[in-house]
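Descriptive structure summary
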Amino acid sequence: MEKLKASRWFALLIVLAAPFLSLMDIFIVNIAIPAIRKGLHSSDAELQIVIAGYLLGYASFMITGGRAGDHFGRKKIFLWGMAVFTLASCWCGLSRSAFELNTARFLQGGSASFMVPQTISYIQLLFTEPKDRAKAIGTFGLILGLASMLGQFLGGFFTYYHFAIAGWRLIFFINLPIGIAAMIAAWFFIEEIPLHIGAKFDLSGSVILSLALFALIIPIIQGRELGWPLWCVLGLILSFVLFAWFIVDQNKKLKEKKEPLVDLNLFKIRDLNIGLLCVLFCYMVYNSYLLISTLVLQNGYHFNALLTGCMFVMFGVGFSFSSFFAMRLVTKIGKTVLQAGTIVMMISLGLQIFMFSGSIIAPQIVFLLVLLHGMSAGWVMPPIMNVTLRSVPHHFAGAASGLYATVQQASGALGVSIIGGVFFNKLSANKSSPDYHVAFRNGAGLELLMLGIMFVLLLFIPSGKTSGHYITE
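Note that the structure is predicted; figures quoted are calculated from it, not measured. (Residues numbered from 1 in each chain as written. Predicted model: local features only at pLDDT ≥ 70, side-chain atom pairs only at ≥ 80, totals over all residues. Heavy atoms only, no water.)

What to know about the overall build of the protein
The line we're drawing: Helix and strand definitions here come from DSSP, where helices need a minimum of 4 consecutive H or I residues and strands a minimum of 2 consecutive E residues; each element is numbered from the N-terminal end. Radius of gyration means the value over C-alpha atoms here, while the globule rule gives 2.2 Å times the residue count to the 0.38 power. Exposure categories follow from relative accessible area, calculated using a 1.4 Å probe and restricted to protein chains: below 20% of the type maximum is buried, above 50% is exposed, and the middle band is partly exposed. Between two residues, a contact is recorded if the distance between any of their heavy atoms is within 4.5 Å. Counting rule applied: Lys, Arg positive; Asp, Glu negative; His and chain ends not counted. Working definition for charges: the position is that of NZ of Lys, CZ of Arg, CG of Asp or CD of Glu.
Each helix and strand in the protein was counted, giving 18 helices and zero strands. Computed over its C-alpha atoms, the radius of gyration of the protein comes to 21 Å, within 12% of the 23 Å expected for a compact globule of 473 residues. Viewed in the frame of its principal axes, the protein has a C-alpha envelope of about 65 × 50 × 45 Å. Expressed as a percentage of the 473 residues in the protein, the buried residues total 59%. Taking contacts inside the protein between residues at least 6 apart in sequence as the whole, the part at least 24 apart equals 83%. Of the charged side chains in the protein, 32 are positive and 20 negative, and the gap between their average positions amounts to 4 Å.

Structural notes on empty space enclosed by the protein
Short version of the rule: Detection works on a 1 Å grid of protein atoms alone, calling trapped sets that fit a 1.4 Å probe cavities and calling open sets with protein on both sides within 12 Å along at least five of seven lines pockets, with lining residues defined by an atom within 4 Å of a point. Grid points are joined across faces, edges and corners, and a volume is the space filled by probe spheres set on the points. Here the nonpolar group is Ala, Val, Leu, Ile, Met, Phe, Trp, Tyr, Cys and Pro; Asp, Glu, Lys and Arg are the charged ones; every other residue, Gly included, is treated as polar.
Counted under the stated rule, the structure contains one cavity of 30 Å³ or more. There is about 40 Å³ of room inside the largest cavity. If you trace the largest cavity, you find it lined by I26, N30, I51, N287 and L290. Taken together, the elements giving at least two residues each to the lining of the largest cavity come down to α3 (17-40) and α12 (270-300). Partitioned by chemical class, the residues of the lining of the largest cavity number three nonpolar, two polar and no charged.

Considering the layout of surface pockets
To keep things clear, this is the line we draw: Start and end points for every domain follow an automatic or database-based domain assignment.
Its volume calculated, the second largest pocket comes out at about 700 Å³. Within the residue set of the lining of the second largest pocket, elements represented by two or more residues are α10 (203-226), α11 (230-255), α12 and α17 (397-428). Broken down by element, the lining of the second largest pocket gets its largest block of residues, six residues, from α17. Here the residues of the lining of the second largest pocket sort into 18 nonpolar, four polar and no charged. Two domains each provide a minimum of three residues to the lining of the second largest pocket, namely domain 2 (203-260) and domain 3 (266-460).

Some thoughts on the domain arrangement of the protein
Selection criterion: In short, buried area is how much 1.4 Å probe accessible area vanishes from two parts on joining, totalled over both. For this document, the term salt bridge refers to a Lys or Arg side-chain nitrogen within 4 Å of an Asp or Glu carboxyl oxygen.
Partitioning the protein into domains gives domain 1 (1-197), domain 2 (203-260) and domain 3 (266-460). One C-alpha centre belongs to domain 1, the other to domain 3, and the line joining them spans 22 Å. Counting residues at the interface gives 27 residues for domain 1 and 33 residues for domain 3. Roughly 2500 Å² of surface becomes buried between domain 1 and domain 3 when both sides are summed, with 72% attributable to carbon and sulfur atoms. At the boundary of domain 1 with domain 3, the tally comes to zero salt bridges.

Quick word on the side chain of T294
Our working rule: Polar contacts here mean pairs of N or O atoms no more than 3.5 Å apart (in protein, one a potential hydrogen donor and the other a potential acceptor; neighbouring residues in sequence count only if both atoms are side-chain atoms).
Relative to the helices and strands, T294 resides in helix α12. Separated by 2.7 Å, the side chain of T294 and the backbone oxygen of L290 make a polar contact. Not counting chain neighbours up to four residues away, the residues in contact with T294 comprise N30, I31, P34, Y289, T308 and F312.

Section: the environment of L21
Residue placement: L21 occurs in helix α3. Look at L21 and you get buried, because its relative accessible area is 0%. Expressed as a C-alpha distance, the spacing of L21 and N442, which sit 421 residues apart in the sequence, is 32 Å. The contacts of L21, once residues within four sequence positions are left out, are Y54, M82, F85, N175, I178 and G179.

So, the packing of aromatic side chains
Applied cut-off: Aromatic contacts are taken between Phe, Tyr and Trp rings whose centres are within 6.5 Å, Trp giving its six-membered ring; a plane angle under 30 degrees counts as stacked, one over 60 as edge-to-face, and the others as tilted. As a reminder, the over-ring test applies to NZ of lysine and CZ of arginine, requiring each to be within 6 Å of the ring centre and within 35 degrees of the ring normal.
Under the defined criterion, the tally for this structure stands at 24 aromatic pairs. On the numbers, 5.1 Å between centres and 55 degrees between planes, the contact of F157 with Y161 is tilted. Judged by its relative accessible area of 28%, F157 falls in the partly exposed class. Geometrically, the ring pair formed by F321 and F325 is edge-to-face, given 5.2 Å between the ring centres and 70 degrees between the ring planes. One end of the pair is F321 and the other is F325, both in helix α13 (residues 305-333) and four residues apart, which spans about a single turn. Since its relative accessible area comes to 39%, F325 is described here as partly exposed. One aromatic cluster is present, built from ring pairs that chain together F27, Y283, Y286, Y289, F312, F315 and F319. The ring of W187 carries the charged tip of K75 above its face, separated from the ring centre by 5.8 Å.

Looking at the pattern of salt bridges
Enumeration over the complete set of coordinates arrives at seven salt bridges. With a closest N to O distance of 3.9 Å, R96 and E100 form a salt bridge. Judged by relative accessible area, E100 falls into the buried class, the value being 16%. Put simply, D202, D249 and K253 are held in one network by salt bridges that share partners.

Remarks on a nonpolar patch on the surface
We apply this condition: Candidate patch residues must exceed 30% relative accessible area and have no salt bridge, after which like charges are joined if within 9 Å and Val, Leu, Ile, Met, Phe, Trp or Tyr side chains if within 5 Å. Each accessible area is a Shrake-Rupley result for a 1.4 Å probe, and residues are judged covered by the shown protein chains and nothing else.
On the surface, F10, L13, L176, I180, I184, W187, F188 and F189 cluster together into a nonpolar patch covering about 830 Å² of accessible area. Listing elements by their share of the nonpolar patch, those giving two or more residues are α2 (8-15) and α9 (175-189). The element that contributes the greatest number of residues to the nonpolar patch is α9, accounting for six residues. By the secondary structure assignment, F188 is in helix α9.

Thoughts on unusual backbone geometry
The backbone of H41 shows a phi angle near 55 degrees, a positive value even though the residue is not glycine. Locating H41 in the fold gives a position in the loop between α3 and α4 (44-72). Of note, the phi angle at W228 is positive, near 55 degrees, even though the residue is not glycine. Checked against the element boundaries, W228 lands in the loop between α10 and α11.

Encoded structure:
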């Protein structure tokens, strides 16, 4: 343990490979979506699952991944998670069908949900001094910003240039050297933190929640394209049954003094309930926006993948810059930061709906619009965590952070499913000559509605300062 303390900054850099890879794989795939479709001859629904399946796997096991580190050892779970993530990445690159790719993507997301919580645990346990912890959290945020920008650029770079291997496959193979280097470094330079002997994890609850999410999201994606066959309708009904079962199961374990996956007492906290609803709409908009804007630029305006990737690097630049200031302001003026950011996000989307209506648009205008949208998102997404969790008692901090992360990832998958479905439904209305501009207008219009609902919800959260003590991805 002394050795680990002596090299804790180096240890931090090693374990930060987990959130770096997990986030980069969201952005890098986003730019490569048109190339993946062409390479695997996939359908619209299969394209949605490429993104939603990853987020679904991530959401399903996030809480279990954190508990597994407590129970079996954080170093051990980090190594296993990184190993499976790296192998799943290679499987993605070798996939010969959309079904195979989506299966590997779910495995990628599931393994990410085990390795990323260990990074958060190491930060919390190694950096106990407020000043050092602030620096560690700042480094964590810097890595996430770098991952988003690098992911956008590499997604465009690899799919634009021609190599011996198809470029879209290389976006997955790039994880191999990083994953191997992280595992070797972790094996030799990180020591295990003493286990939390009393830690348990609710495996049955995790399975029920995963099945419920699957039964909800997969039928929403496939139903539109297949004409809503009976299995899709039954799947949606089953999802509600499974969610009800999950609540009963968690309540029963709570009464029996067992450790449930989600402590239902959390839902007695009013601010948390409203905040989680805001998170639901916020991340539905965020992830669906990345999908439909990429498609309208590449397929609607015929921008090449490299140019599109560079444009979304501007999104990351704007996001990182504004979030740096927003996280400091939210501790002083609270939810006002989110309200202002939400309004600017709505203005940004409105401008894009207006500007993306013509057959031609100057790349310079798109750069400015994407930069504005990134800046507005940076004013909303990082601070929303603090506002949501600020009223949570300290003894609920870990459980609330796990619940927040689960809702965050599941919301992303749901947004890709629902808003992406609206987008693709409009495209399929005229298969001979799909109008990406009209499809974007419909999808972005629904995003505007969700942001409007989120703004109204924010009105019901009491004003006040936040402590900024929580960490999540």
